[in-house]
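# Structure assessment
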Amino acid sequence: MQGSVNSLSGTYTSFNSYRTPLSGANTPSLNDLGEARGTVLSVKLDKVMDNVTGQTVIDPKGYLTNLNTLAVTSNTNVADIKKARLLLRSVIQTNPNHAPGWIAAARLEEFGGKIQAARDIIAQGCLQCNKVDDVWLEAARLEKPTEAQAVLARGLKELPQSVKLWLEAAHREDNPKLRKLILRKALQFVPNSVRLWKEAISMEPPEQARVMLSRAVECVPQSVEMWLALSKLSTYQTAQVNIIILRAVNNLTSKGVGLDRDVWIKFAEDCEKSNYPITCQAIVKSTMDIGVEDVNCLKIWFSDAEAVFKRNRIVTARALYSNIVEKMPTVETAWIELANLERQHGSLESLNQCLKNAVIACPTSETLWLMSAEVELSRNNVNEARLILAEAFIQLPDKEKISLAAVKLERENGEYERARVLLSQSRIRCNNSVDMWIQSIQLERLLKNYFTAQDLCKQAINLYPDCSKLWLISGQIYLEQDHKDYVAAMEQFEKGRIYCKENPYLWTCAAEIFILQKNWSIARALLEDARMKLPKNEFIWFASVKLELLAVNISDYDFERGKINYSHTQAAHHMISKALQECPKSGLLWSIAIFLEPQNAQNSKSVVALTQCENDAYIILSVAK
C-alpha cells in the first residue's frame with residue numbers, strides 16, 4: 001500500500017478533507033432531487049461506458065457478480081430501515097459521544113446498501129468520539145482499502161496507546177518490511193503490550209526473535225509466556241536457562257507479581273510435556289525455595305516430588321529430587337528416592353552415576369552402598385561390585401548387611417575361601433552377630449564340611465542358646481550326614497525346646513525323625529503333646545494332618561495332584577476338621593482342606609475358604625492348582 005508509512009508518520013490531510021459531516025437539518029427540494037437523480041444515473045452509465053475508444057465494454061461475469069451483491073429489499077424492510085434510521089439519529093443527536101450509536105447508524109446504512117452514507121456517518125462519529133478505538137476501526141473497515149491506512153493513522157494520532165489500532169494497521173499492510181516498521185513503532189508507544197510483542201516477534205527469524213524477547217521480558221516482566229519463549233529460543237551454553245528463569249522470578253517478585261510454588265511446578269510440567277527438559281529443570285531449580293521455610297522444607301519438597309511422580313512427570317520429579325540432594329547432600333532418603341526413580345525410568349548408567357555420587361555424599365549409608373553394588377552386579381561387573389563392597393566394608397566395618405552382601409557375592413561366584421575369610425572377620429567385627437554364625441555354618445554345610453559346621457554350631461549355641469534356628473540347623477546336620485544320627489538329632493531338638501518353648505518347628509522336626517523311621521504312633525504322640533503345649537498353632541496342626549496322609553502312603557506329589565484314595569483319608573479328614581475348629585482363619589489349613597475333598601466338591605470348599613480368609617496366598621495358590 002503505497003504511502004501507508006507516510007500516512008502513519010503524520011500525513012493526515014487526505015482524511016481531513018475526504019468527508020463532509022452530515023448536518024441533518026436541511027430538507028432537499030424537488031430540484032435538488034432531480035439533480036441528484038441525474039448524478040446517480042451518470043455514475044451508473046460511467047460504470048458501463050468506455051468513452052475513450054468510443055465502444056461500450058461490459059464484463060458479463062463481473063456485472064453479474066456486482067448484481068448479486070445488491071440487497072433486494074421489500075417495502076416492509078424499507079420501512080423498518082427508516083424507523084431504525086430515525087431511532088439511531090435520535091440516539092447520536094441526544095448523546096453524540098456515544099460511540100456504539102455512531103457504529104450502529106453506519107452499519108444500518110451499510111445494510112441498506114448506502115455505503116457512502118455509512119462512511120459519512122462514521123466520519124462524523126470519529127470527530128465526536130475521537131478517543132474510542134472501535135469507532136476508528138469501524139471507519140477503516142468501511143473505507144476503501146487505499147484510504148483505510150489514512151483513517152488508522154488519524155486514529156493513532158488521537159489514540160497512540162491503542163493496541164487494536166496498531167494491530168489493525170499492521171495487518172492491513174501487505175509489505176512485510178513496512179509491517180515490521182509499524183509494529184516496532186507501536187512498541188515505542190505501548191512497550192508493555194504482550195500482544196504487540198508476540199506479533200512483532202513472530203515476524204522475526206530465530207536470532208532476531210531472541211534479541212527482541214530479551215527486550216520484551218524487560219518491558220513485560222510479569223509475562224511467564226515471554227520468559228518461557230526466550231528460554232526455548234536460547235541454548236544452555238549461550239543463554240544459560242537457569243539465569244534467565246532466575247531473573248524472571250526476581251523480576252516478577254520485584255514487581256509484586258509473586259507466583260506460588262505450585263504454579264511454577266505446573267509451568268515446569270508443561271515444559272516437560274512440550275519436550276523442553278532443560279527449561280523444566282531450570283524452573284524447578286529457581287523456584288524450589290518459594291514459600292518454603294527451613295523447618296518443613298524437606299517435607300514439602302518430598303510431597304511435591306511424590307505428587308509429580310504420580311502424574312508421571314519424570315523429568316520434573318527428577319529435577320526436584322536432584323535439587324534436594326544438591327541442597328542437602330547428606331539426606332540419605334533423598335538419594336534413595338532419586339536412585340529408585342532412575343531405576344524405574346532411567347538407564348543403568350544414570351543409576352550407577354547417581355549411586356556413586358550418593359555414597360560419596362553419604363558414606364555411612366549402608367543401603368546406598370548395597371544398592372551401588374547391586375547395580376554393578378546387574379551389569380555383570382563382579383570385580384567392580386567386589387571393590388564397592390570392600391570400600392563399604394572399610395567405611396562400615398561393623399555393619400552386618402555389608403558383610404553378608406560381600407559373603408553372598410563370593411559364595412555365588414564360587415569364591416568359597418574368600419567367603420570363609422570374610423565370615424571369620426565379620427564374626428569378630430560385627431560383635432558376634434548370630435546371622436554371621438548362621439552364614440558361617442551354612443557355608444560349611446553347603447560344602448558338606450559337617451564336622452566343621454557342627455563345631456561352629458556348638459560355639460554359636462553357647463553364645464546364643466535362645467536362637468531356635470541354631471538348634472534346628474544342628475539337628476538337621478546330623479540327619480544330612482551319610483550315616484544319619486537320629487539320636488543326636490533328637491537330642492538337639494529336645495534341648496532346643498527347653499530354651500525355645502514357643503517354637504513349633506522344633507516339635508515338627510522332632511516328629512519328622514519318627515516319620516522317617518515310619519514310627520507313626522510315637523510321631524502322633526509327640527505332635528499331640530505339641531498341640532497341648534502350643535494350642536491354636538497352625539503349623540503343628542498342618543504337620544499332624546500331613547502325618548495322617550503319609551501314614552497311608554499318600555505323598556505330597558499324589559496329594560496335590562488328586563491321585564489319592566479318599567477312603568484312606570478319614571483320619572486326615574477328622575484331623576483337619578479339628579484343626580479348622582481351633583484355627584478357623586488359617587489359610588494354610590484351608591489350603592490342605594480343599595485338596596482333601598473329592599474333585600467335584602473342591603470348588604464349593606474353595607468358596608468357603610475364600611470367605612473365611614479373603615486374599616490369603618495359600619488359598620489362592622490351592623485354587624489355582
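Please read these numbers as outputs of a predicted model, since none were measured by experiment. (Residues numbered from 1 in each chain as written. Predicted model: local features only at pLDDT ≥ 70, side-chain atom pairs only at ≥ 80, totals over all residues. Heavy atoms only, no water.)

### Structural notes on the overall build of the chain
Helix and strand counts for the chain stand at 38 helices and zero strands. Across the 625 residues of the chain, 41% fall into the buried class. For the chain, contacts bridging at least 24 residues in sequence account for 55% of all contacts bridging at least 6. Accessible surface, the chain as shown: approximately 35,200 Å² in total, 52% of it carbon and sulfur. (Helix = DSSP H or I, 4+ residues; strand = E, 2+ residues; numbered from the N terminus. Buried < 20%, exposed > 50% of the residue type's maximum accessible area, 1.4 Å probe, protein only. Contact = heavy atoms within 4.5 Å. Areas by Shrake-Rupley, 256 points an atom, 1.4 Å probe, with all protein chains shown as cover.)

### Points about the packing of helix α36 (residues 587-596) against helix α38 (residues 617-624)
Across the interface, α36 lies against α38 with an axial gap of 7 Å and an inter-helix angle of 20°. When the interaxial angle is binned, α36 and α38 end up roughly parallel. When you trace α36 past α38, the crossing you get is right-handed. From α36, Gly587, Leu588, Trp590, Ser591, Ile594 and Phe595 reach across to α38, where they touch Tyr618, Ile619, Ser622 and Val623. Broken down by class, the residue content of the contact of α36 with α38 amounts to seven nonpolar, three polar and no charged. (Axes fitted to C-alpha atoms, helices over the stretch in contact; angles between N-to-C directions. Parallel < 35°, antiparallel > 145°, perpendicular 65-115°, else oblique. Left-handed = near helix turned anticlockwise from the far one by under 90°. Nonpolar A, V, L, I, M, F, W, Y, C, P; charged D, E, K, R; others polar.)

### Some thoughts on the packing of helix α12 (residues 194-202) against helix α13 (residues 206-219)
Where α12 meets α13, the axes come as close as 10 Å, and the angle between the chain directions of the two elements is 170°. Considering their axes alone, α12 and α13 lie roughly antiparallel with respect to each other. Across the interface between the two elements, Trp197, Ala200 and Ile201 of α12 pack against Ala209, Met212, Leu213, Arg215, Ala216 and Cys219 of α13. Classifying every residue of the contact of α12 with α13 gives eight nonpolar, no polar and one charged.

### Here we look at the nonpolar core
Of all hydrophobic cores here, the largest spans 65 residues; its most connected members are Ile283, Tyr321, Ile324, Trp335, Leu355, Leu368 and Trp369. If near-sequence neighbours (up to four positions away) are discounted, isoleucine 283 is found in contact with Leu228, Ile245, Trp264, Phe267, Ala268 and Cys271. Ranked by size, the runner-up nonpolar core spans 51 residues in total, among them Ile81, Ala99, Cys126 and Ala139. (Core = buried A, V, L, I, M, F, W, Y, C linked by side-chain atoms within 4.5 Å.)

### A closer look at the packing of aromatic side chains
Throughout the structure, instances matching the rule amount to five aromatic pairs. Here the aromatic rings of phenylalanine 302 and tyrosine 321 are separated by 6.2 Å at their centres, their planes lie at 50°, and the arrangement is tilted. Here the residue phenylalanine 302 occupies a position in helix α19 (residues 297-310), and tyrosine 321 occupies one in helix α20 (residues 314-327), the gap between them amounting to 19 residues. On the basis of relative accessibility, which here comes to 4%, the residue tyrosine 321 falls in the buried class. Seen in terms of ring centroids, tryptophan 471 and tyrosine 499 are 5.7 Å apart; in terms of plane orientation they differ by 10°. Their pairing is stacked. Here tyrosine 499 lies in helix α30 (residues 486-499) and tryptophan 471 lies in helix α29 (residues 468-480), a separation of 28 residues in the sequence. Judged by its relative accessible area of 5%, tryptophan 471 is buried. The class of tyrosine 499 is partly exposed, set by a relative accessible area of 48%. (Phe/Tyr/Trp six-rings, centres within 6.5 Å; stacked < 30°, edge-to-face > 60°.)

### Describing unusual backbone geometry
At asparagine 312, a position not held by glycine, the phi torsion is positive, near 65°. Structurally, asparagine 312 can be placed in the loop between α19 and α20. Of note, lysine 536 is a non-glycine position whose phi angle comes to about 60°, a positive value. Within the secondary structure layout, lysine 536 lies in the loop between α32 (520-533) and α33 (538-551). A relative accessible area of 62% places lysine 536 in the exposed class.

### A few points about a nonpolar patch on the surface
A grouping of Leu610, Ile620 and Val623 is seen on the molecular surface, where their side chains present a nonpolar patch of about 220 Å² in accessible area. Here isoleucine 620 lies in helix α38. (Patch = residues over 30% accessible without salt bridge, like charges linked within 9 Å, V, L, I, M, F, W, Y side chains within 5 Å. Salt bridge = Lys/Arg side-chain N within 4 Å of Asp/Glu carboxyl O.)

### Let's talk about helix α6 (residues 99-111)
With 13 residues, α6 extends 18 Å from end C-alpha to end C-alpha; this agrees with the ideal 18 Å at 1.5 Å per step. Taken together, the buried positions of α6 are occupied by Ala99, Gly101, Trp102, Ile103, Ala105, Ala106, Leu108 and Glu109. Of the residues flanking the end of α6, it is glycine 113, one or two places downstream, whose phi is positive at about 85°. (Expected span 1.5 Å × (residues − 1).)

### So, the side chain of serine 606
Position of serine 606 among the secondary structure elements: in helix α37 (residues 602-612). Exposure remark for serine 606: the relative accessible area of 8% places this residue in the buried category. Once residues lying within four places of it in the same chain are set aside, the contact partners of serine 606 are Ile594 and Val623.

### Overview of the pattern of salt bridges
Here the structure, examined in full by the defined rule, presents 25 salt bridges. Note that glutamate 342 and arginine 318 form a salt bridge whose closest N and O atoms lie 2.6 Å from each other. Placement of glutamate 342 in helix α21 (residues 332-345) and of arginine 318 in helix α20 is noted, with a sequence separation of 24 residues between them. Bridged by salt links that share partners, the residues Arg107, Glu110, Glu138 and Arg141 form one connected network.

### Re the side chain of serine 440
Looking at the secondary structure, you find serine 440 in helix α27 (residues 434-446). In this view, serine 440 contacts Leu423, Arg427 and Leu456; residues no more than four positions away in its chain are not counted.

### Regarding the confidence of the model for the chain
Of the residues in the chain, 83% have a pLDDT of 70 or more, and the chain-wide mean is 81. Counted against residues more than four places away or in other chains, residues 1-28, with its pLDDT under 50, gives 43 contacts. Every residue in residues 47-73 is under pLDDT 50, and counting partners more than four places away or in other chains gives nine contacts. (pLDDT = per-residue confidence, 0-100.)

### Some words on the environment of serine 440
Exposure remark for serine 440: the relative accessible area of 3% places this residue in the buried category. Separated by 20 residues in the primary sequence, serine 440 and arginine 420 have C-alpha atoms spaced 7.1 Å apart. Within polar-contact distance, the side chain of serine 440 engages the side chain of arginine 427 at 2.7 Å. (Polar contact = N/O pair within 3.5 Å; in protein donor to acceptor, adjacent residues only side chain to side chain.)

### Regarding the environment of asparagine 275
Structurally, the position occupied by asparagine 275 is in the loop between α17 (261-273) and α18 (277-287). Spatially, the C-alpha atoms of asparagine 275 and valine 315 are 9.8 Å apart, while their sequence positions differ by 40 residues.

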